[in-house]
Amino acid sequence: GENVEQHPSTLSVQEGDSAVIKCTYSDSASNYFPWYKQELGKGPQLIIDIRSNVGEKKDQRIAVTLNKTAKHFSLHITETQPEDSAVYFCAATDLGANNLFFGTGTRLTVIP
Amino acid sequence: ETGVTQTPRHLVMGMTNKKSLKCEQHLGHNAMYWYKQSAKKPLELMFVYSLEERVENNSVPSRFSPECPNSSHLFLHLHTLQPEDSALYLCASSQDRVNIQYFGAGTRLSVL
């Protein structure tokens, strides 16, 4: 089955700086890579996703890059704000298999 | 509000108790999921119901029993749990199994 590794487990940045979270996956058949944000007391919420037919996707301050050859993908948050503080999870799946495989999460703290 | 509601939000139970977790989705989706979230571990998929078909993770102990009476409701019946079952239990739903999963806020379960 798929194995997703995520780094770092914790990340602290100053407000306004950028944050980068990286994930690797093992199954070359994986073709869908969502990122979820989990705030305290809430369930994970999808913030951005990317499919294997593109290398990069951007939505305002959030971007995701995908390198299929190296089997890794990254989340980039620019101009971080305190409300970005949360736990972020990457995931990978083969859309044919339909089961999401999650990373272990990154706790991001944005220091005002 | 994600459209997925879980009750109760918190539950404390003894090892001999029987309790049930409830999930309801108002999104018109046809697939529902139970996940277990433990500290420093990836989200663990426990059960999937899709178009009345149940798919389960074979590593889930039989003391967890799911029930899906219709496409909008999902239950997780608990009996004779162990302290290591203490975790956040998350419900999610999606339209078919290929699309974005929407999570509820979870039930924080403590087994004494």
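First things first, this report covers the structure right here in the doc.

What counts, and where the lines are drawn
- Residues numbered from 1 in each chain as written.
- Chains lettered and ligands numbered in written order.
- Predicted model: local features only at pLDDT ≥ 70, side-chain atom pairs only at ≥ 80, totals over all residues.
- Heavy atoms only, no water.
- Pairing = 2+ DSSP bridges.
- Helix = DSSP H or I, 4+ residues; strand = E, 2+ residues; numbered from the N terminus.
- Axes fitted to C-alpha atoms, helices over the stretch in contact; angles between N-to-C directions.
- Core = buried A, V, L, I, M, F, W, Y, C linked by side-chain atoms within 4.5 Å.
- Buried < 20%, exposed > 50% of the residue type's maximum accessible area, 1.4 Å probe, protein only.
- Salt bridge = Lys/Arg side-chain N within 4 Å of Asp/Glu carboxyl O.

What about the sheet that holds strand β1 (residues 4-7) of chain A?
Residue and element names in this part refer to chain A.
Part 1: Judged by pairing direction, the sheet is antiparallel, and its five strands sit side by side in the order β1-β3-β8-β7-β6 without closing on themselves. A strand with exactly one partner marks an edge of an open sheet, and here the two such strands are β1 and β6 (56-59). Here the strands of the sheet are splayed against their neighbours by 15 degrees on average, with no regard to which way each runs.

A closer look at the sheet that holds strand β7 (residues 64-70) of chain B
Residue and element names in this part refer to chain B.
Part 1: Read across the open sheet, the four strands follow the order β1-β3-β8-β7; overall the sheet is antiparallel. At either margin of the open sheet sits one strand with a lone partner, and together these are β1 (4-7) and β7. Averaged over all pairs of adjacent strands, the angle between their axes in this sheet comes to 20 degrees, without regard to strand direction.
Part 2: Sheet analysis places β1 next to strand β3 (residues 18-25), joined by four bridges and oriented antiparallel. Looking across to β3, one finds that Thr7 is bridged to Lys22.

Some details on the nonpolar core
Part 1: Counting 23 residues, the largest nonpolar core has Trp35, Phe73, Leu75 and Leu108 of chain A as the members making the most contacts within it.
Part 2: Listed in part, the 21 residues of the second largest apolar core include Cys23, Met32, Leu78 and Leu109 of chain B.

Let's talk about the pairing of β1 of chain A
Residue and element names in this part refer to chain A.
Part 1: The two faces of β1 differ: Val4 and Gln6 on one face are buried, but Glu5 and His7 on the other face are not.
Part 2: Bridge count between β1 and strand β3 (residues 19-25): four bridges; the pairing is antiparallel. Directly across from Glu5, in β3, lies its bridge partner Thr24.

Side note on the pattern of salt bridges
Between side chains of opposite charge, pairing is possible as soon as their charged atoms come close.
All names here are of chain A.
Part 1: What the rule picks out here adds up to four salt bridges over all chains.
Part 2: Between Glu39 and Lys42 there is a salt bridge, with its nearest N and O atoms 3.7 Å apart.
Part 3: A salt bridge links Lys57 to Asp49; the nearest nitrogen and oxygen atoms lie 2.9 Å apart.
Part 4: On the basis of relative accessibility, which here comes to 36%, the residue Lys57 falls in the partly exposed class.

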